[in-house]
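Letter by letter, the chains look like this.
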Amino acid sequence: MFETLSDRLSGVFSSLRGKGRVTPADIDATAREIRIALLEADVALPVVRAFVAAIKERSTGVEVSAALNPAQQIIKIVNEELVNVLGGETRRLAFAKNPPTVILLAGLQGAGKTTLAGKLALHLKSQGHTPLLVACDLQRPNAVTQLQVVGEQAGVTVYAPEPGNGVGDPVGVARDGIAQAKQKMHDIVIVDTAGRLGVDEEMMKQAAAIRDAVNPDEILFVVDAMIGQDAVNTAEAFRDGVGFTGVVLTKLDGDARGGAALSVRYVTGAPIMFASTGEKLADFDVFHPDRMASRILGMGDMLTLIEQAEGAFEADQAEAMAAKMGGGEFTLDDFLQQMQSLKKMGPLAGILGMLPGAGQMKDALANVNDKDLDRTAAIIQSMTLEERQNPKIINSSRRQRIAKGSGSTVTQVNALLDRFTEAKKMMSAMAGRFGFPGANNRKTVNRKGKGKKGKGSGRGPTPPKIRGGMPGFPPGMPGLPPGAAGGLPGGLPGGMPELPPGFDFDPNQIKLPKR
């Protein structure tokens with residue numbers, strides 16, 4: 001959604017890099033380009049004015065003039081101000097001291113409230129809660145049925161005593177839903193309310209009546225991130241008519257300009273708490289202002305990537321796999337298992353898009369096809385158990401058999417095996433260098449070298465050459481076009497100019513599990 005804004009801001013910052021001194025004219029030109037970029041992204045005018053004014057004020061002060069790299073300091077200032085506009089700190093749900101915690105969803109029709117109710121219930125269920133969905137949208141046709149289907153997919157109980165379609169009292173259903181939750185020991189109640197195609201007095205009265213009946217702990221305003229400037233007007237109307245404690249953005253995976261995300265929080269003062277990024281129930285997460293700002297500025301989102309990896313990879317399996325990598329025992333069976341876990345994290349292009357500097361390889365990411373993972377799995381599954389354990393025995397005739405069995409070509413089989421071999425060497429070298437579990441299992445041979453007392457040079461093994469694959473991902477990663485296979489595109493390995501000072505990464509600081 002923020003692709004256009006990211007491109008414009010990246011262009012603005014590229015003109016600053018390389019300048020040893022930033023003049024007031026440079027700051028004015030940068031502020032002007034940032035203002036144009038935000039206005040083109042449908043950000044509300046008051047937000048743009050305040051944002052640009054804060055950047056100019058800080059950029060003309062001692063903070064930039066005394067910096068060793070003024071251009072990088074300005075980028076850091078933009079990042080910090082963007083975080084402030086988006087809300088500053090991450091806001092979590094406030095749970096009631098005495099259960100159940102009542103969460104009321106409000107918003108216009110078509111914003112995605114019913115689907116969001118299921119997503120939020122699944123999210124809370126994964127944290128050990130027992131949510132109850134209450135169907136109070138009795139106006140929209142089949143709204144109750146939709147909530148029942150969503151609840152079944154999420155594995156959550158749905159309280160729907162009325163059929164809906166204009167029949168029933170939503171205030172009475174909401175009140176009875178709280179009593180049902182207390183009786184059945186549900187610690188969270190999520191109330192789905194009716195919406196309208198536009199803000200009207202009847203809808204506000206009904207939502208206010210439900211609010212007064214259930215006394216919710218949280219009122220979440222659900223807003224479609226694709227409606228642009230009108231999102232601000234709608235949010236202000238709900239704030240004055242019903243009131244809300246937090247905002248949920250839906251449809252962030254769309255191709256709209258996304259100015260609503262940058263405007264709603266600033267105008268209403270209510271924090272953005274959750275974001276929906278797809279149609280599936282799992283495409284839902286807590287909104288982190290700092291991570292969103294990092295994505296917009298092309299710095300990636302490594303924390304979210306790590307959290308997704310932690311959810312897809314079991315801790316004990318990851319430790320055992322690290323030991324295998326360090327001991328040189330990593331097989332094609334292990335690779336297949338890792339690839340299947342990788343698919344649980346979501347589309348491959350989305351995963352790679354969280355890496356810093358991913359905006360520089362947008363064209364390459366657009367060509368990444370998840371079906372290539374299925375082709376790789378088919379190739380491995382067409383091998384015998386002995387071939388998976390020891391790929392060295394796969395000769396020409398075996399490769400032809402594997403290609404026919406997997407519906408691929410011999411060239412594709414060769415490419416997979418070559419990249420797997422090279423990546424296996426790389427893993428062993430990295431394991432020895434960074435102290436992965438299993439790396440010290442090999443016997444060391446003391447060779448008498450030149451010099452006194454038989455001391456060697458101490459330079460260590462020569463790192464292997466990487467012909468293909470994505471460092472940090474399972475070896476032999478298929479489908480990555482030229483420029484992405486074997487590493488990230490040019491401009492990143494020699495340093496990441498997009499990252500402000502303080503974003504340096506030291507691999508020696510990684511805390512690995514003890515054996």
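Residues numbered from 1 in each chain as written. Predicted model: local features only at pLDDT ≥ 70, side-chain atom pairs only at ≥ 80, totals over all residues. Heavy atoms only, no water.

Draft legend 1. Region of interest: the sheet that holds strand E8 (residues 284-286). One open sheet accounts for eight strands, arranged E3-E2-E4-E1-E5-E6-E7-E8; its pairing is mixed. With one partner strand each, in any of the chains shown, strand E3 (157-159) and E8 form the two edges of the open sheet. When strand polarity is set aside, the average angle formed by the axes of neighbouring strands in this sheet is 25 degrees. Sheet topology places strand E2 (residues 131-135) next to E3; three bridges connect them, and they run parallel. Looking across to E3, one finds that Val134 is bridged to Tyr159. The sheet contacts of helix H6 (residues 113-126) involve strand E1 (101-106), E2, strand E4 (188-192), strand E5 (218-224), strand E6 (246-250), strand E7 (272-276) and E8, and relative to E4 the element is tilted by about 170 degrees. Against the sheet, helix H9 (residues 201-214) makes contact with E1, E4 and E5, and its axis sits at roughly 180 degrees relative to E1, the strand it touches most. (Pairing = 2+ DSSP bridges. Helix = DSSP H or I, 4+ residues; strand = E, 2+ residues; numbered from the N terminus. Axes fitted to C-alpha atoms, helices over the stretch in contact; angles between N-to-C directions. Contact = heavy atoms within 4.5 Å.)

Draft legend 2. The arrangement of the pattern of salt bridges in detail. Under the defined criterion, the tally for this structure stands at twelve salt bridges. For Arg91, the salt bridge identified is with Glu218, shortest N-O distance 2.9 Å. Separated by 127 residues along the polypeptide, Arg91 in the loop between helix H5 (70-86) and E1 and Glu218 in strand E5 bring together distant segments of the chain. Glu218 sits in the buried class, given a relative accessible area of 1%. In this structure, Asp240 and Arg239 form a salt bridge, with 3.4 Å as the shortest nitrogen-oxygen distance. (Salt bridge = Lys/Arg side-chain N within 4 Å of Asp/Glu carboxyl O. Buried < 20%, exposed > 50% of the residue type's maximum accessible area, 1.4 Å probe, protein only.)

Draft legend 3. How the structure looks around the nonpolar core. Among the nonpolar cores identified, the biggest contains 98 residues, and Ile190, Val191, Phe238 and Phe274 are the most heavily contacted of them. The greatest single-element share of this core, amounting to eight residues, is contributed by H5. The contacts of Phe238, once residues within four sequence positions are left out, are Ala106, Gly107, Leu108, Val199, Met203, Met204, Phe221, Gly243 and Phe244. Among the nonpolar cores identified, the runner-up in size contains 18 residues, and Ile394, Ile402, Phe420 and Met427 belong to it. (Core = buried A, V, L, I, M, F, W, Y, C linked by side-chain atoms within 4.5 Å.)

Draft legend 4. How the structure looks around the packing of aromatic side chains. All chains considered together, the criterion is met by four aromatic pairs. With a centroid separation of 5.1 Å and 20 degrees between ring planes, the pair formed by Phe221 and Phe244 is classed as stacked. Taken as a pair, Phe221 in strand E5 and Phe244 in the loop between helix H10 (230-241) and E6 lie far apart in primary sequence, 23 residues in all. Centre to centre, the rings of Phe335 and Phe420 are 6.5 Å apart; their planes meet at 50 degrees, and the pair counts as tilted. Residue Phe335 is located in helix H15 (residues 332-344), and its partner Phe420 is located in helix H21 (residues 410-434); the two are separated by 85 residues in the primary sequence. For Phe335, a relative accessible area of 1% corresponds to the buried category. (Phe/Tyr/Trp six-rings, centres within 6.5 Å; stacked < 30°, edge-to-face > 60°.)

Draft legend 5. Up close: the confidence of the model for the chain. Put simply, the chain has an average pLDDT of 75, and 68% of its residues get 70 or more. Scored below 50 in pLDDT, residues 439-461 makes 15 contacts in the model with residues more than four places away or belonging to other chains. Counting interchain partners and residues more than four positions distant, the pLDDT-below-50 stretch residues 463-515 has 106 contacts. (pLDDT = per-residue confidence, 0-100.)

Draft legend 6. Summary view of the pairing of E7. Extensive coverage of E7 is indicated by the burial of five of its five residues. Where E6 meets E7, three bridges bridge the pair, whose relative direction is parallel. When the sheet's bridge partners are listed, Leu249 is paired in E7 with Ala275. Pairing geometry for E7 and E8, over three bridges, is antiparallel.

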